[in-house]
Amino acid sequence: MGKTQIRVESDSLYQTKGNAEVTVAMLRAFVTLGKNLNLTKTCEELGVARQTVRRHINELEGIKGQPLFSVQNREYSLTPFGNALLADAEIILRQIKAWSGQSRLTRRSSNWLEIAHYLDASEREFFSQQHPISKIAEDGLPIMKRTLSAWGKAHTQIEDPAMADVRPYLVIYRKNPSGWICVEIGVKSAYAKWFGWTWSKSAIGKLSEADNAGDDYNDFISGAYARIHGEGGVRLDHLFAYLPRESNPDPIPISFQRLLMGCAFPDGAPGLAVLVLMTNQVEIDALPEKDVLFVPNDLVMDFEP
């Protein structure tokens, strides 16, 4: 695997080399420590010594020209600069994993829109296909049309009165260095309908990655979150996946449309609002015809809100 060379200006405060190289080991140390914020746990996860992790972080800080972490009383925290770089570093590592054939998740682009395929350990196939936002205006589901309109009227503000009618259908997340924290699950949301209200209430305050399903699965489900969260934009995907239910722990097939919306909390902090609509109206080119119709009538969310 080739290394990316990054030139550093000679007056950089943290410069260690005039012509430095970012290595996979540096990125792994940065991402793992950025998630754990604990040096001991990071060393155990990577299987390396403490001085190795510190060296990789120091070298990466030298290349980037600014500190990635601050340390007080042996406790690590990301600097604003480090926090801003973490998502990009995660994406680079996922791409390296895919290129090296170690990932069960593949992504490609068609007309600038993303298509993803994931194969789980039981050889079940998951599919995702991004669609242009204009598709909502053309033939979008009623709830999705109304939600997108409300988001625009609210100027992305989660607590704006314009969001009140669609709020029960949404799941809202905050981002922290460890992942996506669920802060609200709407009582009429697809999550509540599929997983049950008991599960939904217990999921509030937890990381979306807390299911221990693996990095590839989490990337398939939430890989697009970081970009929309950072840009404050919107994204439409059609998906086919196997998910467990509260009444049935064995994953069963379900198809759905998903709208991601970058939002803002009252304190100005960015958030992410997710609208999922279970429906048989999905357009996924790679999805086998036999898998298209899988949503029971009592779960379909094609109705007018």
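All values reported here derive from a predicted model rather than from experimental measurement.

1. A closer look at the sheet that holds strand β9 (residues 179–185)
Read across the open sheet, the eight strands follow the order β5-β6-β7-β10-β11-β12-β8-β9; overall the sheet is antiparallel. Both outer strands of the open sheet, β5 (105–110) and β9, are each paired with one neighbouring strand and no more. If you compare each strand with its neighbour and ignore which way they point, the axes differ by 25° on average. The strands touched by helix α6 (residues 142–153) within the sheet are β8 (170–176), β10 (234–245), β11 (248–264) and β12 (270–278), with β11 carrying the most contacts at an inclination of about 30°.

2. Things to note about empty space enclosed by the protein
By the definition in use, this model includes one cavity of 30 Å³ or more. Of all elements in the fold, only β6 (113–119) and α9 (215–222) reach the threshold of two or more residues within the lining of the largest cavity. Looking at the lining of the largest cavity, the element that brings in the most residues is α9, giving three residues.

3. Focus: the pairing of β5
The pairing of β5 with β6 spans six bridges and is classified as antiparallel. Directly across from Ser109, in β6, lies its bridge partner Glu114. As consecutive antiparallel partners, β5 and β6 are separated by two residues, and within that stretch Asn111 has a phi angle of approximately 55°, a positive value.

4. Side note on the pattern of salt bridges
Applying the stated criterion across every chain, the model contains 13 salt bridges. For the salt bridge of Arg174 with Asp267, the shortest nitrogen-to-oxygen distance reads 3.8 Å. Taken together, the residues span a long stretch of sequence, with Arg174 in strand β8 and Asp267 in the loop between β11 and β12 at a distance of 93 residues. Residue Arg174 is classed as partly exposed on the basis of its relative accessible area of 30%. Judged by its relative accessible area of 57%, Asp267 is exposed. Where Arg235 meets Asp237, a salt bridge forms, and the shortest distance between an N and an O atom there is 2.9 Å. For the residue pair Arg235 and Asp237, the accessibility class agrees, reading buried in each case. Salt bridges here are not isolated pairs; linked through shared partners, they connect Arg107, Glu114, Arg235, Asp237 and Arg258.

5. Here we look at the nonpolar core
Tyr173, Tyr191 and Leu275 are the most contacted members of the largest nonpolar core, which has 61 residues in total. Counting residues per element, this core draws most heavily on β12, which supplies seven residues. Formed by 20 residues, the second largest nonpolar core is a distinct cluster that contains Met26, Leu33, Leu86 and Leu93.

6. Description of the environment of Arg258
Structurally, the position occupied by Arg258 is in strand β11. Once the C-alpha coordinates of Arg258 and Leu277 are considered, the two residues, 19 residues apart in sequence, prove to be 6.4 Å apart. If sequence neighbours within four positions are ignored, Arg258 has contacts with Met144, Ile221, Ala224, Tyr225, Arg235, Leu236, Asp237, Leu239, Val274, Leu275 and Val276. In this structure the side chain of Arg258 is engaged in a polar contact, spanning 2.5 Å, whose partner is the backbone oxygen of Ile221.

7. Observations regarding helix α2 (residues 39–46)
Within α2 the residues assigned to the buried category are Leu39, Thr42 and Cys43. Down the axis of α2, the smallest arc covering the buried residues is 100°, so these residues share one side. Opposite the buried face of α2, by more than 90 degrees, sit the exposed residues Glu44 and Glu45. Tucked into the core, α2 has its buried residues touching α1 (24–36), α3 (50–64) and β4 (75–78).

8. Looking at the side chain of Thr42
Residue position: Thr42 is located in helix α2. Thr42 gets classed as buried once you look at its relative accessible area, which sits at 0%. Ignoring sequence-local partners within four residues, the contact set of Thr42 consists of Ala29, Thr32, Leu33, Asn36 and Val53.

9. Describing the pairing of β4
Every second residue of β4 is oriented toward a common face, the buried set being Tyr76 and Leu78 and the non-buried set Glu75 and Ser77. When strand β3 (residues 69–72) meets β4, the two strands line up antiparallel, connected through four bridges. Each bridged residue has a counterpart across the sheet, and for Ser70 the counterpart in β4 is Ser77. Linkage of β3 to β4, two consecutive antiparallel strands, is achieved through a turn of two residues, within which Asn73 is found at a positive phi near 50°.

10. What about the packing of α1 against α3?
Relative orientation of the contacting elements α1 and α3 amounts to 105°, with a least axis distance of 9 Å. Taken as axis vectors, α1 and α3 run roughly perpendicular relative to one another. Contacts between α1 and α3 involve Ala25, Met26, Ala29, Phe30 and Leu33 from the former and Val53, His56, Ile57, Glu59, Leu60 and Ile63 from the latter. For the contact of α1 with α3, a count of residues per class yields nine nonpolar, one polar and one charged.

11. A closer look at unusual backbone geometry
What is expected of a backbone is that most residues other than glycine have negative phi and most peptide bonds are trans. Here Leu37, not a glycine, exhibits a phi torsion of approximately 55°, which is positive. The topology assignment puts Leu37 in the loop between α1 and α2. One non-glycine residue, Asn73, lies in the positive phi region at around 50°. Structurally, Asn73 is set in the loop between β3 and β4. Overall, the relative accessible area of 75% leaves Asn73 in the exposed class.

The rules behind these values
- Numbering of residues starts from 1 in every chain and runs along the sequence as written.
- Owing to the predicted nature of the model, reporting of local features is limited to residues with pLDDT of at least 70; listing and counting of side-chain atom pairs is limited to 80 or more, with chain, interface and lining totals taken over all residues.
- With hydrogens and water set aside, each side-chain value is computed from the structure's full complement of heavy atoms.
- Two strands are counted as paired when DSSP detects at least two bridges linking them.
- Secondary structure counts use DSSP, requiring at least four H or I residues in a row for a helix and at least two E residues in a row for a strand, with both numbered from the N terminus.
- Axis definition: a line fit to C-alpha positions, over the contact stretch in the case of helices; interaxial angles, taken between N-to-C directions, run 0 to 180 degrees.
- The contact rule is simple, with two residues in contact once any of their heavy atoms fall within 4.5 Å.
- Throughout, the protein atoms alone are placed on a 1 Å grid, and a set of points is a cavity if a 1.4 Å probe fits but cannot get out or a pocket if it is open with protein on both sides within 12 Å along at least five of seven lines; lining residues have an atom within 4 Å of a point.
- Grid points are joined across faces, edges and corners, and a volume is the space filled by probe spheres set on the points.
- Salt bridges, as used here, are contacts in which a Lys or Arg side-chain nitrogen is within 4 Å of a carboxyl oxygen on Asp or Glu.
- Classification of residues uses two cut-offs on accessible area relative to the type maximum, computed with a 1.4 Å probe and protein chains only: under 20% is buried, over 50% is exposed, and between them is partly exposed.
- Throughout, nonpolar core names a set of buried Ala, Val, Leu, Ile, Met, Phe, Trp, Tyr and Cys residues whose side chains join them through atoms within 4.5 Å.
- Between N or O atoms, a polar contact is any pair within 3.5 Å; within protein, one atom must be a potential hydrogen donor and the other a potential acceptor, and residues adjacent in sequence are included only when both atoms are from side chains.
- The directions considered for the arc are those from the helix axis to the C-beta atoms.
- An angle below 35 degrees is treated as roughly parallel, one above 145 as roughly antiparallel, one from 65 to 115 as roughly perpendicular, and anything else as oblique.
- Note that Gly is not counted as nonpolar here; it falls among the polar residues with everything else outside the nonpolar set of Ala, Val, Leu, Ile, Met, Phe, Trp, Tyr, Cys and Pro and the charged set of Asp, Glu, Lys and Arg.

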